[in-house]
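So you can see what is in the structure, the chains are spelled out below.
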Amino acid sequence: MGIRIIGTGSYVPDQILTNRDLERMVETSDAWIRERTGIGSRRITEAGTTDMAVKAAKRAAEQAGIFPEELDLIIVGTSTGDCLFPGTACEVQAAIGAGSAACFDLSAACSGFLFSLNTACVYLESGEYETALVIGADTLSKTVDWSDRGTCILFGDGAGAAVVRREESAGCIGPFIMKADGSRGECLKCSAVPLRNPFLDKQEDAFGYMAMNGQEVFRFAVKTVPEVMEAVLEKAGVPAEEIQYFILHQANERILSSVAKRMRQPVSKFPMNLERYGNTSGASIPILLDELNRQGKFNRGDKIVLAGFGAGLTWGATFLRW
Ligand code: UT7
């Protein structure tokens, strides 16, 4: 038995926010943003995370050729659900009519899709479930301080999804490695529910904005991502040269090219779409996966590595044979 991705889907909102738009809001320039990040524009939504997740999910289910009732499990990797409860996965279940699926959200920020995919695979491997829908969806536009030029230039909204199935096949997902270092949580943080009850002196009115130490996150990514990808390749017994694509979280073009250099692999093996969408957090890996899949870039048996990193700090890598 193997585990395969049998369908992918994605959705980005129509509203485009360009670097030129940001020039009118904060002291920055299109040239600076492009040179330091590779980003040209990003998408923003007013419809929210569930709306995008549902659209991506429907496209993935359609490509997989499954009925929603066949889904045993739905996991949504998100840190920006529309509600604290119910979870986004439950809302997706109701919207697509997947009534018998177990549903929960997984919070691992930009590593959210990767960790959700790995989690789904463990359930499938256990034999308990056969078909899972894994989604990465985030609306970071609602956490961004739009007066902070150090963060507002980076992020955008979107969703991506994959249907994963246990079946008789040579495909596989795994081995995988997932890592976290909670002691460095402060360098990328967004607080959630404010304190407000009549029994405390301290009252807070508003939700916090995202705060980031960009240089520290940059250094963390270029060090840990190559290490974790090397480690997962060693576990898989596959040399980096045999990998067709390294599909990485789309945070910054300079991070990706530095990782490629450290891996001694051509940057052409590291596809990017961040020029169009910026950093869509948990959605970035599945959106890119879906784009490449729909462009017909994958052949049966292709060896691929997925790698994510972000707040937590969290990071990880997964090997898969298409
Ligand atoms: O999912 C993970 C999420 N986070 C990340 O991936 C973030 C990783 N970090 C980064 O991508 C980069 O650190 C940034 C793009 C955030 C910043 O780039 P940098 O090359 O590390 O810039 P810096 O923070 O070292 O700042 C260099 C200069 C500073 O000016 P001075 O002090 O040299 O005069 C900043 O104030 O650039 C200035 N600066 C800007 N200038 C124009 C910072 N942001 C901007 C901006 N436009 N938007």
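Right, let's get into helix H3 (residues 49-64). Between its first and last C-alpha atoms H3 spans 22 Å; for 16 residues at 1.5 Å apiece the expected length is 22 Å, and the two agree. Those residues of H3 lying buried are Thr-49, Thr-50, Met-52, Ala-53, Val-54, Ala-56, Ala-57, Ala-60, Ala-61 and Ala-64. Buried residues along H3 sit against strand E1 (2-11), helix H4 (88-96), strand E6 (131-139) and strand E7 (157-167). Positive backbone phi, at 70 degrees, marks Gly-65, one or two positions downstream of H3.

Right, let's talk about the pairing of strand E13 (residues 314-321) for a bit. By the criterion of burial, E13 is predominantly enclosed, with seven of the eight residues buried. As judged from the seven bridges shared by strand E8 (residues 172-180) and E13, these two strands associate in the antiparallel manner. Within the sheet, the bridge partner assigned to Phe-176 lies in E13 and is Thr-318. Relative to E13, strand E12 (residues 303-310) is paired through eight bridges, and the arrangement is antiparallel. Bridging from a neighbouring strand, Ile-304 pairs with Leu-320 of E13.

Viewed as axis vectors pointing N to C, H3 and H4 meet at an angle of 55 degrees, and their least axial separation amounts to 9 Å. In this view, H3 runs oblique relative to H4, as classed from their interaxial angle. Viewed along their axes, H3 and H4 form a crossing whose handedness is right-handed. Residues Thr-49, Thr-50, Ala-53, Val-54, Ala-57 and Lys-58 of H3 form the contact with H4, whose own contacting residues are Thr-88, Glu-91, Val-92, Ala-95 and Ile-96.

This brings us to the sheet that holds strand E4 (residues 73-77). Judged by pairing direction, the sheet is mixed, and its five strands sit side by side in the order E1-E7-E6-E4-E5 without closing on themselves. The open sheet has two edge strands with one neighbour each: E1 and strand E5 (102-106). The mean angle between the axes of side-by-side strands here comes to 20 degrees, regardless of whether they run parallel or antiparallel. For E4 and E6, the ladder comprises five bridges, and the chain directions are parallel. If you follow Ile-74 over to E6, its bridge partner there is Leu-133. Here helix H5 (residues 112-125) sits on the sheet and contacts E1, E4, E5, E6 and E7; the angle it forms with E6, its principal contact strand, is near 165 degrees.

Analysis parameters
Residues numbered from 1 in each chain as written. Predicted model: local features only at pLDDT ≥ 70, side-chain atom pairs only at ≥ 80, totals over all residues. Heavy atoms only, no water. Helix = DSSP H or I, 4+ residues; strand = E, 2+ residues; numbered from the N terminus. Expected span 1.5 Å × (residues − 1). Buried < 20%, exposed > 50% of the residue type's maximum accessible area, 1.4 Å probe, protein only. Contact = heavy atoms within 4.5 Å. Pairing = 2+ DSSP bridges. Axes fitted to C-alpha atoms, helices over the stretch in contact; angles between N-to-C directions. Parallel < 35°, antiparallel > 145°, perpendicular 65-115°, else oblique. Left-handed = near helix turned anticlockwise from the far one by under 90°.

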